[in-house]
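# Coordinates in review
Here is what each chain is made of, one letter per residue.
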Amino acid sequence: MSNDCYSTETYNMEETMDFANKLAGNASPGSLYCLVGDLGCGKTVFAKGFAEGLGVSECVNSPTFTIMQTYSGMIMPFYHFDVYRISDVSEMYELGYEEYFFGDGVCLVEWADLIEELIPSDAIHIHIEKDIDKGFDYRKITVRGGGRA
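Residues numbered from 1 in each chain as written. Predicted model: local features only at pLDDT ≥ 70, side-chain atom pairs only at ≥ 80, totals over all residues. Heavy atoms only, no water.

### Side note on the packing of helix α1 (residues 13-24) against helix α2 (residues 43-53)
At a closest axis distance of 7 Å, the pairing of α1 and α2 adopts a crossing angle of 45°. On the basis of their axis angle, the class for α1 and α2 is oblique. Between α1 and α2 lies a crossing of right-handed hand. Taken together, the residues of α2 that come into contact with α1 (itself represented by M13, T16, M17, F19, A20, N21, L23 and A24) are V45, F46, K48, G49, F50, E52 and G53. (Axes fitted to C-alpha atoms, helices over the stretch in contact; angles between N-to-C directions. Helix = DSSP H or I, 4+ residues; strand = E, 2+ residues; numbered from the N terminus. Parallel < 35°, antiparallel > 145°, perpendicular 65-115°, else oblique. Left-handed = near helix turned anticlockwise from the far one by under 90°. Contact = heavy atoms within 4.5 Å.)

### Focus on the pairing of strand β5 (residues 106-110)
Of all five residues in β5, five are buried, a share of seventy percent or more. Relative to β5, strand β4 (residues 77-82) runs parallel, the two being bridged by five bridges. Among the inter-strand pairings, F78 is bridged to a residue of β5, identified as V106. (Buried < 20%, exposed > 50% of the residue type's maximum accessible area, 1.4 Å probe, protein only. Pairing = 2+ DSSP bridges.)

See below:
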């Protein structure tokens, strides 16, 4: 995995989902995508677009209370984590996270900075930022560690 870093700007939910969809097109089995951003910045919107890019037809919601949700994509399995409510990384071991992080599907982890010590060095990091001055639905999305979408 290269250390490429690039950013894009989106101005509505559709553009955010389209970007995520294209990024998922570069995913391969065993890929881990770490998604970070403030509350309400669009992480779940991004996750929905990413899932679409993997051929997931089910409704994708943030698994805030279940921590992890598994989807069968047409391309490969999609494992969606939301670790916002994790109070200790040992909870990730209880979930058997390694089976997913190092498995045959693609993982997307919302709030990945909360479990930083478990993230492999070859993970792809995505940071989403809002800027209300540029519009309510404006997002700056920065990707580090993977190829361009």
